[in-house]
Amino acid sequence: MQVILKKEVKGLGKINDIVNVKDGYAKNYLIRNGFAVVVNEKNMQDLKSVLKKEADFQKEQYDKAVVLKEKIEKVELNFSLKAQNGKAFGSVSVSQIIDELKNKNITIHKYMVVNDDRTFDLGIHFIQIELHKGVVAKLKINVNEQTK
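Residues numbered from 1 in each chain as written. Predicted model: local features only at pLDDT ≥ 70, side-chain atom pairs only at ≥ 80, totals over all residues. Heavy atoms only, no water.

Chemist: I'm lost on the sheet that holds strand β3 (residues 36-38) in this one. Help?
Modeler: The antiparallel open sheet is built from three strands, whose spatial order is β2-β1-β3. At either margin of the open sheet sits one strand with a lone partner, and together these are β2 (18-20) and β3. The average undirected angle you get between the axes of adjacent strands in this sheet is 40°. Strand direction decides the pairing type here: strand β1 (residues 2-5) and β2, joined by three bridges, are antiparallel. Considered in β2, the bridge of Val3 is made with Val19. Sheet strands touched by helix α2 (residues 41-73): β1, β2 and β3. Its angle to β1, the strand with the most contacts, is close to 35°. (Pairing = 2+ DSSP bridges. Helix = DSSP H or I, 4+ residues; strand = E, 2+ residues; numbered from the N terminus. Axes fitted to C-alpha atoms, helices over the stretch in contact; angles between N-to-C directions. Contact = heavy atoms within 4.5 Å.)

Chemist: Please explain the pattern of salt bridges as it appears in this structure.
Modeler: Think of it this way: side chains of opposite charge can pair up when their charged atoms draw near. Tallying each qualifying case throughout the model produces five salt bridges. Close ionic contact of Asp56 with Lys52 constitutes a salt bridge, the shortest N to O distance being 3.1 Å. Placement of the pair is Asp56 and Lys52 together in helix α2, with a separation of four residues, close to one helical turn. Overall, Asp56 belongs to the partly exposed group, its relative accessible area being 41%. A salt bridge links Lys140 to Glu76; its shortest N-O distance comes to 3.7 Å. With Lys140 in strand β8 (residues 135-145) and Glu76 in strand β4 (residues 76-81), this residue pair connects regions lying 64 residues apart in the sequence. Given the relative accessible area of 27%, Lys140 is considered partly exposed. Owing to a relative accessible area of 33%, Glu76 belongs among the partly exposed residues under this scheme. (Salt bridge = Lys/Arg side-chain N within 4 Å of Asp/Glu carboxyl O. Buried < 20%, exposed > 50% of the residue type's maximum accessible area, 1.4 Å probe, protein only.)

Chemist: Honestly, the sheet that holds strand β7 (residues 123-132) in this entry has me stumped. Any pointers?
Modeler: Pairing between the strands of a sheet comes from backbone hydrogen bonds, and it takes one of two forms, parallel or antiparallel. In space, the three strands of this open sheet follow the order β4-β8-β7, with mixed pairing throughout. Looking at the sheet topology across the chains shown, the edges are occupied by β4 and β7. Neighbour-to-neighbour, the strand axes of this sheet turn through a mean angle of 30°, independent of strand direction. Bridge count for β4 against β8 is six bridges, and the pairing is parallel. By the bridge assignment for β8, Asn78 is matched with Asn142. Strands in contact with α2 are β7 and β8; relative to β8, the strand with the most contacts, it is inclined by about 25°. Across the sheet, helix α3 (residues 94-103) touches β4, β7 and β8, and the angle it forms with β4 is around 130°.

Chemist: Looking at this structure, how should I read α3?
Modeler: Three- or four-residue spacings in an α-helix give side chains the same orientation, since the helix completes a turn every 3.6 residues. For α3, the full list of buried residues reads Val94, Ile97, Ile98 and Leu101. The buried residues of α3 occupy an angular sector of 100° when the element is viewed end-on, so they sit on one face. Among the structural elements, β4, β7 and β8 are those in contact with the buried residues of α3. Looking at the residues trailing α3, positive phi occurs at Asn105, about 60°. (Arc of directions from axis to C-beta.)

Structural data, given as structure tokens:
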């Protein structure tokens, strides 16, 4: 029997997957517990509608991420660290980067920062920020020696 999963079932599939299962398993477990519905014309139309809404939402999120990427790549953040002989004492943290971006009206989350090496030397560095699957912005960071 073919069913459309309404919830993720470990070892079987994810939400909105169409899977083949034995009749007894479908009727007595999946459908009875609300994990799935039978494949029929009405349920297929509902599934198509849900998948179209999801695709539209993902396209909208992708477009927003591309715009944000362009905005981020135009920004250069400047930080000052105590240093001696060109060697920095300390580092610039992800939270400092996020705070500076907020000051420039750009909001990201810390989990978006791909390379969090935290050990910056003096000079220019590029941080990768994954805004959406396939959309990675490169943020330019300039670390200078703190003046006394």
